[in-house]
Amino acid sequence: MSKECVGVIGSGSFGTAVANILSKNSKVLLYARNAETVEKIKSTRISNGQHLHENITVTNSLEEVAQKCNVIFPVVPSSNFREMMRQFAPFLHPYHVLIHGTKGLDLILPHETPTDFKMDRSCIRTMSEVIREESVVVRVGCMAGPNLAKELALGHPAATVIASPFNEVINEGKRLLRSEKFQVYGNQDLKGVELCGVLKNIIAIASGIISGLGFGDNAKGLLISRGLVEMIYLGKALGGEISSFIGLAGIGDLVATASSQTSRNYTIGFKLAQGKSMDEAIAEMEETAEGVNTIKIIKQLADAQGIKPLITDTLYKILYEGMKPQDGLSYLMKYPGNIDIDFL
Amino acid sequence: MKPIGKDYVKKKYDQVVPGGIDEWPVVSLSNNRDAFIKEVTAESIKRIKKLTPKRSSLIEEIETTLFREKLRVKRNPWAVDPPDEADFLQSIKDRLLEISTNDDKEDIDETLEDILSEIIERYASEIAGNFKKSRYRMARSIVTFGFARLLNASRARGFWSIFSTRYSLQDKIHITGEVEELRTLAKKGTIIMVPTHFSNLDSILIGWVISALGLPAFIYGAGLNLFNIKIFAYFMESLGAYKVDRRKKNLLYLETLKSYSSLAIQKGCHSLFFPGGTRSRSGQIEKRLKLGLLSTAIEAQRVNYQKGKRDGLHKIFIVPVTLNYNFVLEAPSLIREYLRLKGQERYYVENDEYSTSYKIFAFLLKFFTKGSDISVSIGRGLDVLGNYVDTDGNSYDKSGRQIDTQEYFTKDGKIISHDQQREDEYTRMLSDRIVEEFHRINKVFASHLVAFVAFEMLQKKFNKLDLYNFLRIPEEDQIIPYEEFKTVFQTVLRRVHEMYNKGEVSVSPYLTGDPDKIIAHGLANVGMYHAKRPLIKNKKGDIYTQDLNLLFYYHNRLVGYNLEKYV
């Protein structure tokens with residue numbers, strides 16, 4: 001056990017799980033935004049239903065995290081990410097290393113939208129881009145892979161990918177996270193790995209819908225493979241490398257999320273298929289399902305660029321335009337089949 | 001917006017280094033030339049050994065070098081090459097042969113060491129500059145005096161005006177931007193100036209700018225091919241040039257070159273890199289920079305920190321500079337090359353339009369007597385990570401918080417470590433920042449804007465054609481009615497002003513006021529001395545081009561600002 005202290009920002013289910021994994025190798029400082037939550041975690045030693053390892057200290061001060069930790073894992077929903085970074089930035093130095101675990105996108109629209117405004121890639125930021133924009137930290141990475149928080153909490157074997165253009169960030173991530181139950185791989189394609197995590201949530205919602213409608217594994221196999229193709233097309237267009245999508249963070253995470261009832265995005269889809277409305281489904285969730293927002297962003301982008309990602313497009317109709325899940329599925333099934341694989 | 005008027009200041013600057021030329025780092029470098037070459041050799045050997053940790057890999061690297069060098073001597077010899085090159089290579093070959101039959105490991109290592117240091121010392125002495133005070137003074141006065149005479153003779157009327165002092169070079173070459181900051185930073189640390197590169201004239205131009213601003217001479221890498229020409233060699237050497245041979249792409253040479261640059265920067269020599277590596281063929285502002293030399297700036301900064309040299313005199317500042325021309329003499333051949341390369345023609349030989357001293361002289365004469373004004377924009381100083389610095393050399397983040405550049409080289413804010421992969425990544429980031437700054441300080445001339453608008457309008461009309469077919473459209477299709485042109489021009493102009501107000505680009509003072517006048521000014525200046533004009537008015541007052549390729553070239557200057565949307 002080293003004396004160094006590692007930071008985790010966000011005490012949601014994934015943040016807590018990451019803190020627990022890190023606590024096997026080092027001391028951990030876990031930040032929660034809400035002062036009451038901090039007090040509660042301190043007294044119960046339970047965060048989001050998970051017992052905290054004794055090496056974990058909880059805090060409400062971002063300044064303390066920046067001061068005591070050189071490596072920090074921000075794990076907060078994408079909708080709060082930029083705001084968190086803005087508060088955090090004044091305490092950060094160029095020597096800090098940030099490895100985030102957030103699988104969402106940040107959308108930036110101009111204050112006044114000109115009439116001929118067309119959304120493009122420049123309006124979208126991945127979380128690492130938000131970190132670079134808002135702080136002096138340059139050594140940035142992300143953590144992605146089949147890491148369902150509930151399974152991690154139970155100590156089941158799993159693996160993750162640390163992606164960063166900097167080898168030293170990958171090595172730090174490996175050193176801090178690796179344990180007998182947790183394997184860590186490295187990848188230099190930061191954008192690609194971030195996009196894997198982001199885009200797979202779309203397919204996870206679709207998978208939930210398929211299960212909710214009572215269909216079996218043939219349908220799921222179909223969805224996963226076509227879903228992967230769609231992810232690759234979108235991911236490439238957004239600046240990722242194809243190879244990342246067939247790795248642990250791509251297909252690995254996709255298979256796990258698309259078949260797991262513990263996945264939030266899957267659960268949203270499942271509820272929709274059971275006839276609940278979007279608002280009802282979201283209200284029943286404890287934590288953010290990133291996929292809901294991602295679908296909206298990708299749909300806007302695709303429209304502006306004149307491309308048609310079939311699955312995303314149909315999900316958008318189901319989520320935001322009141323299309324019945326059954327109709328959505330039969331629409332997809334009627335769509336003339338294309339060539340199986342044409343990108344390798 | 002009302003006309004801004006003159007945007008440059010004409011003044012005489014004091015010398016930045018008060019002690020005079022003897023205090024310049026570049027002078028002490030050339031006074032100790034032999035010792036410096038030894039230092040470079042030792043450093044290069046250290047690097048190469050680190051890159052080839054096994055004996056076999058070192059042998060392989062030397063063999064590759066030998067093979068390529070022999071090929072070069074045979075296929076592409078230059079006048080400047082030393083006559084004993086073939087013999088030297090043969091002696092290396094013989095010794096390598098000996099090694100392959102030898103079993104004694106110690107013996108082999110010894111021979112390898114010898115071979116390596118011989119090759120590298122040869123490279124290092126070829127690269128090393130030969131700055132001479134007297135020659136520098138001489139060259140400087142030739143440039144300033146001679147050109148000022150030419151200028152006065154051409155601007156005013158009558159023979160006697162050759163002795164007039166009304167116009168100085170500063171009327172011809174407008175220096176704008178962060179001049180005072182540059183001068184202050186040059187006292188506080190080491191400057192790496194990174195200019196855009198459009199014309200062979202650039203190095204002389206920049207050399208003059210540096211001296212006119214009272215800065216000590218900068219060292220810079222100049223293509224060895226330019227040293228084929230005696231008069232060029234004379235000027236370049238006296239201005240502080242060291243030699244870069246683009247034919248030699250072997251590891252040994254490249255590492256020697258990097259050691260040379262890195263050590264010179266560590267010794268406080270202000271340096272100049274053309275980070276694009278070569279003249280922009282397309283006429284676009286460089287998008288991708290050469291990372292090799294740029295990485296030496298980051299390395300030198302880290303080494304300085306490791307040696308405990310905290311900011312003060314040893315901080316390294318990157319200063320982007322753009323050179324803005326209405327007219328680039330080489331444009332026709334540059335754009336032809338660009339199109340040929342892009343068109344994937346297999347065989348292409350770099351032609352050199354400066355093959356004789358006469359041609360250069362003719363060009364300079366034309367340039368100084370006729371060519372329209374040039375503007376040089378000096379950008380804000382950056383640290384090696386691309387953060388802006390203030391006049392004290394302190395770095396600031398985007399929100400104005402002061403940061404310590406040394407912390408980029410540590411994991412905990414304290415212990416500085418050398419991590420090559422990290423520095424490679426930093427080099428890439430710095431290169432992106434420089435490109436960003438180029439676009440910001442680039443000065444939009446009326447001539448660039450008319451070319452841009454005209455080309456985009458024509459291309460939009462033929463949007464079904466690819467570039468190559470488009471460039472071959474018949475002459476009668478290359479005409480744009482004036483009123484139509486003016487409408488689009490005004491839209492794009494408005495956008496340029498918007499960007500200017502946001503600090504995203506810089507504009508020439510001619511770009512304000514009556515649009516008809518701006519267009520007229522642009523048309524009169526765009527590529528004005530080419531035999532075929534890129535853009536001109538016909539008798540009906542409509543606009544047409546005599547050379548679509550050239551129009552493409554001048555248009556490219558404004559690519560990368562997303563202005564296409566407004567056409």
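What you are looking at is a predicted structure, and each value in this text was computed from that prediction instead of being measured. Throughout, a residue's number is its position along its own chain's written sequence, starting from 1. Just so you know, chain letters begin at A and ligand numbers begin at 1, following the order they were written in. In keeping with the predicted nature of the model, local features appear solely for residues at pLDDT of at least 70, side-chain atom pairs appear and are counted solely at 80 or more, and the whole-chain, interface and lining totals rest on all residues.

1. Remarks on the domain arrangement of chain A
Residue and element names in this part refer to chain A.
Okay, so step 1: An automatic or database domain assignment supplies the residue ranges for each domain. Taken domain by domain, chain A comprises domain 1 (5-188) and domain 2 (196-334).
Okay, so step 2: The straight-line distance from the C-alpha centre of domain 1 to that of domain 2 is 24 Å.
Okay, so step 3: Taken together, the elements giving at least two residues each to the side of domain 1 that touches domain 2 come down to helix H4 (78-88), helix H6 (149-153), strand S11 (158-163) and strand S12 (182-187).
Okay, so step 4: Tallied by class, residues from the side of domain 1 that touches domain 2 come to 11 nonpolar, 7 polar and 6 charged. Runs of E in the DSSP output that reach at least two residues are strands. Runs of H or I that reach at least four are helices, and both are numbered from the N terminus. Under the scheme applied here, ten amino acids are nonpolar (Ala, Val, Leu, Ile, Met, Phe, Trp, Tyr, Cys and Pro), four are charged (Asp, Glu, Lys and Arg), and all others, including Gly, are polar.

2. Points about the UniProt feature "transmembrane region" (unreviewed entry) in chain B
Okay, so step 1: UniProt positions are given in the numbering used here, feature names are shortened, and annotations may be inferred rather than shown by experiment. Cross-referencing UniProt, the feature "transmembrane region" (unreviewed entry) maps to residues 205-227 of chain B in the present numbering.
Okay, so step 2: In residues 205-227 of chain B, the share of helix is 35% and the share of strand is 22%. The end C-alpha atoms are 17 Å apart.

3. Some details on helix H11 (residues 251-266) of chain B
Residues and elements named next belong to chain B.
Okay, so step 1: Between the first and last residue of a helix there are one fewer steps than residues, each counted as 1.5 Å, and that sum is the expected span. Here H11 spans 22 Å end to end across 16 residues, near enough to the 22 Å set by a 1.5 Å rise per residue.
Okay, so step 2: Burial in this document is a count-based property: other C-beta atoms within 10 Å of a residue's C-beta are tallied, and the residue is buried at 20 or more, exposed at 12 or fewer, or partly exposed in between, with C-beta positions derived from the backbone. Judged by how many residues are buried, H11 sits mostly within the fold: 13 of 16 residues are covered.
Okay, so step 3: Where H11 ends, the next residue or the one after it, Gly 268, has phi of about 90 degrees, a positive value.

4. Focus: the packing of helix H8 (residues 190-212) of chain A against helix H14 (residues 290-305) of chain A
All names here are of chain A.
Okay, so step 1: In contact at an axis separation of 8 Å, H8 and H14 are set at 105 degrees when each is read in the N-to-C sense. Classified by the angle their axes make, H8 and H14 are roughly perpendicular. Counting all contacts with H8, which are made through Val 198, Asn 201, Ile 202, Ala 204 and Ile 205, the residues of H14 involved are Glu 290, Gly 291, Thr 294, Ile 295 and Ile 298. All axes are obtained by fitting lines to C-alpha atoms, using only the stretch in contact for helices, and the reported angles, taken between N-to-C directions, cover 0 to 180 degrees. For this classification, under 35 degrees means roughly parallel, over 145 means roughly antiparallel, 65 to 115 means roughly perpendicular, and everything else is oblique. Contact between two residues is assigned when their C-beta atoms, built from the backbone, lie within 7 Å.

5. Some words on the interface of chain B and chain A
Okay, so step 1: Between chain B and chain A, the contact holds 15 residues from the first and 11 residues from the second.
Okay, so step 2: A per-class count over the side of chain B that touches chain A returns 4 nonpolar, 3 polar and 8 charged.

6. Overview of the packing of helix H13 (residues 331-342) of chain B against helix H20 (residues 548-556) of chain B
Residues and elements named next belong to chain B.
Okay, so step 1: The contact between H13 and H20 brings their axes to 9 Å, and the two run at 90 degrees. As far as their axial angle goes, H20 and H13 are roughly perpendicular. Note on element contacts: H20 touches H13 through Asn 549, Leu 550, Phe 552 and Tyr 553, opposite Ala 331, Pro 332, Leu 334, Ile 335, Arg 336 and Leu 339.
Okay, so step 2: Looking at the contact of H13 with H20, its residues break down into 8 nonpolar, 1 polar and 1 charged.

7. Quick look at unusual backbone geometry
Okay, so step 1: Phi at Asn48(A) is positive, roughly 50 degrees, even though this residue is not glycine.
Okay, so step 2: Residue position: Asn48(A) is located in the loop between strand S3 (46-47) and strand S4 (50-51).
Okay, so step 3: The backbone of Asn562(B) sits at a positive phi, close to 60 degrees, despite the residue not being glycine.
Okay, so step 4: Of note, Asn562(B) is situated in the segment after H20.

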